[in-house]
Structures are given as structure tokens and as C-alpha cells.
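A closer look at the structure
Letter by letter, the chains look like this.
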Amino acid sequence: MKTVFVAGHKGMVGSAIVRQLALNPNINVITQDRSELNLLDQAAVTHFFETNKIDQVYLAAAKVGGIVANNTYPAEFIYENLTIQNNIIHSAHLAGVNDLLFLGSSCIYPKLATQPMTEHALLTGTLEPTNEPYAIAKIAGIKMCESYNRQYSRNYRSVMPTNLYGENDNFHPENSHVIPALLRRFHEAKLNGDSKVVAWGSGKPMREFLHVDDMAAASIYVMNLNNETYQANTQEMLSHINVGTGVDCTIRELVETVAQVVGFNGTIEFDATKPDGSPRKLMDVSRLKDLGWQYSIDLKQGLASTYDWFLANQNNFRK
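Note that the structure is a prediction, hence the values are computed from the model and not measured. Sequence order as written defines residue numbering, which begins from 1 separately in each chain. Local features are withheld for residues below a pLDDT of 70 in this predicted model, meaning they are given only at 70 or higher, and side-chain atom pairs are given and counted only at 80 or more; totals for whole chains, interfaces and linings count all residues. Note: side-chain values were computed over all heavy atoms of the structure, leaving out hydrogens and water.

Summarising burial for strand S5 (residues 155–161): 7 of the 7 residues are buried, a large majority. Every second residue of S5 is oriented toward a common face, with Asn-155, Arg-157, Val-159 and Pro-161 on one face and Tyr-156, Ser-158 and Met-160 on the other, all of them buried. Think of it this way: DSSP has to see at least two bridges between two strands before they count as a pair. Helix numbering and strand numbering both begin at the N terminus, where a helix is a DSSP run of H or I of at least 4 residues and a strand a DSSP run of E of at least 2. Where strand S4 (residues 99–103) and S5 come together, 5 bridges link them in parallel fashion. Paired with Leu-100 across the two strands is Tyr-156, which belongs to S5. Traced from S4 through helix H5 (residues 132–152) to S5, the parallel crossover comes out right-handed. Two strands pair when backbone bridges link them, and S5 and strand S10 (residues 241–243) are joined in this way by 3 bridges, in the parallel orientation. Among the inter-strand pairings, Met-160 is bridged to a residue of S10, identified as Asn-242. Relative accessible area decides the class of each residue, using a 1.4 Å probe on protein chains only: under 20% of the type maximum gives buried, over 50% gives exposed, and in between gives partly exposed. Here a crossover is taken to be right-handed if, once the strands point away from the viewer, the path from the first strand over the helix to the second is traced clockwise.

See the structure below:
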């Protein structure tokens, strides 16, 4: 029996990982609510690892949000993310945990990185200003894992997902990412009988989206790759792996697809005075394909299942 700790088990990615790990009878999943373990408290995290015999760690805990949240709370985004990952990675090491998977973000890459973005694009240019503090924290997490591998021969791996969506996403009307924000906005517009919905930005930027169930499957796959295969496809100080579909669409195409899935029949306008963010963010996922994994849930299918989940849980998203 293998004991696995999933940090951030109530979040979108963490909960998806827990659901999939629970299907394996040979895995004992450990989770801790915030009331039980404050991941910002170094002493508490160290004590947790000292008192639990853990074989693997999925580090999915993070402070996350969209453009508005990143612009509004930059100090919290860099402080909390750095602190959480520092506490978990170092405490896991001290407790002798050899296997850890750190979940990052595609925002680690430069704003104007050559598309599609390969793992080699890391640290080759200026980051997107709106989420730079969050990106800096995630870059530090990658380098922390690599440093513990290099100095202590740990097996700490990192995966960098593209834009994620799905069950247990954050549907807050102001602090959510683009897909849950759009699903909620179009749903409420349909209920209110609105004739028009205004979307942020020009609609021209291109984005790639991955369903969270695919992300969970990829995470478990990478965590359990044998060392020979993993090391043959990575480098000591360039060890992170992109996770995505390798397919993108314009925000305009996304907005129109969400409207179709929700059943909103009014008009759509784009407010070009609002920030667009990076012009394009597409992952090169050839490294992951070479390792033997690729996505299975297409965008429209994933949006439909996410909207179904939203409808079943919408009372939880009231202000």
C-alpha cells in the first residue's frame, strides 16, 4: 500500500487527482483541510511530514486567480505561493519523501515566447506583467525541485499545465479564470433574458485549454514514470514538462462556443479597453507525447460537462 499526500485537495486540480487516485485500491490518499494543516505555517507542515509516513506528494496547493485577482493581490500571490511550496518541498525532503510532483503554470514562460512554447523557453524573456508575481513563484518551485534533485538525489518532478477548467473550478464573478467566468456570465444572461453579453478584451488573443481530468491523468502518469524513461526525456536543470493539448483557439472562438453550450442566443460584444494579456499561449507538448501521454477530452465536450457540473452546484456560487 502506497501512502500519497495531495496538497490542495479541495482545489480543481487537487480534487481531480484525488478522484483518480481513489480508484486505485493500492493507494492510501491523505488529505488535510486548511483547519487541520495551515500550509503557510512552516512548523505545522514540518510536523505533519514527521508524523505521517508518506511515499508520494502531489503539490497542487496554490493561490490562483484570473487577471483581476492577479492585478489586485500581487503581494499575496507571490508570498503565499512561495511559502506553500517552500514549506512542502523542504519538509518532504527532511522527512525522507523521495517522490514529489510540483504543479506549475504556463505563465512561467515569457510574454512574447516563440509559439508553441517549449520547455526551453523558460527564463529567456520578460514575463506577462499582470501575473508576474505568480509566475515568479512557480519558476522558483521548479528550480527548488531541480535543486533538491541535484543536491540530494530526490525525485521531485514538475508539470506545467496550460489553462485548466472543469469540475470544482472557481466561478466567482470577479476572481475566476476565463472559462468559469464566461460560463457563469452567459448562464445568468440567459436566465435574465439579456439581449447582449460584453466580453473582456479584443477577442483576438489565442489560448489553449485542458480539462482538469486530463491534467490529473497526466500528473499521475508523470509521477509514476520510471526514472530511466523520465530522465531520458528531461534535463537536470530543465526538468519541467508541459501539459496541454497542443491546440489553441481565439478568445472570440471560445466565447462563441461557451455561448452555444449554455444556450445564450443574444449578441456578443468585445470591450477592447480591457486587458488582453499575452497575445498567444500555446504549449509545445511534444516532450509529454514522447513520454507516452496525450489528452482525450476536446474543448466542446469539456465545456459541456463543466456546465453540467455548474448547473448541479450553482447554489454554492452565490455571493
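So, on to the environment of Glu-80. On the secondary structure map, Glu-80 appears in helix H4 (residues 74–94). Along the primary structure Glu-80 and Ala-62 are separated by 18 residues, whereas in three dimensions their C-alpha atoms are 7.5 Å apart. The contact definition used throughout considers only heavy atoms, calling two residues in contact when any of these lie within 4.5 Å. The residues touching Glu-80, leaving out its near neighbours within four places in the chain, are Leu-40 and Lys-63.

Let's shift gears to the sheet that holds strand S13 (residues 280–281). As summarised here, the arrangement of the 3 strands in space is S11-S8-S13, forming an open sheet in which the pairing is mixed. Among the strands making up the open sheet, the edge pair consists of strand S11 (249–250) and S13. Judged from the 2 bridges that link them, strand S8 (residues 206–207) and S11 form a sheet pairing that is antiparallel. Bridge pairing in S11 places Met-206 opposite Thr-250.

In this section: unusual backbone geometry. With an omega of -10°, the peptide bond running from Gln-115 to Pro-116 counts as cis. Its location among the elements puts Pro-116 in the loop between S4 and H5. Unusually for a residue other than glycine, Asn-168 sits at a positive phi of about 70°. Along the polypeptide, Asn-168 turns up in the loop between strand S6 (163–165) and helix H6 (178–192). On the basis of relative accessible area, Asn-168 is assigned to the partly exposed category, the value being 30%.

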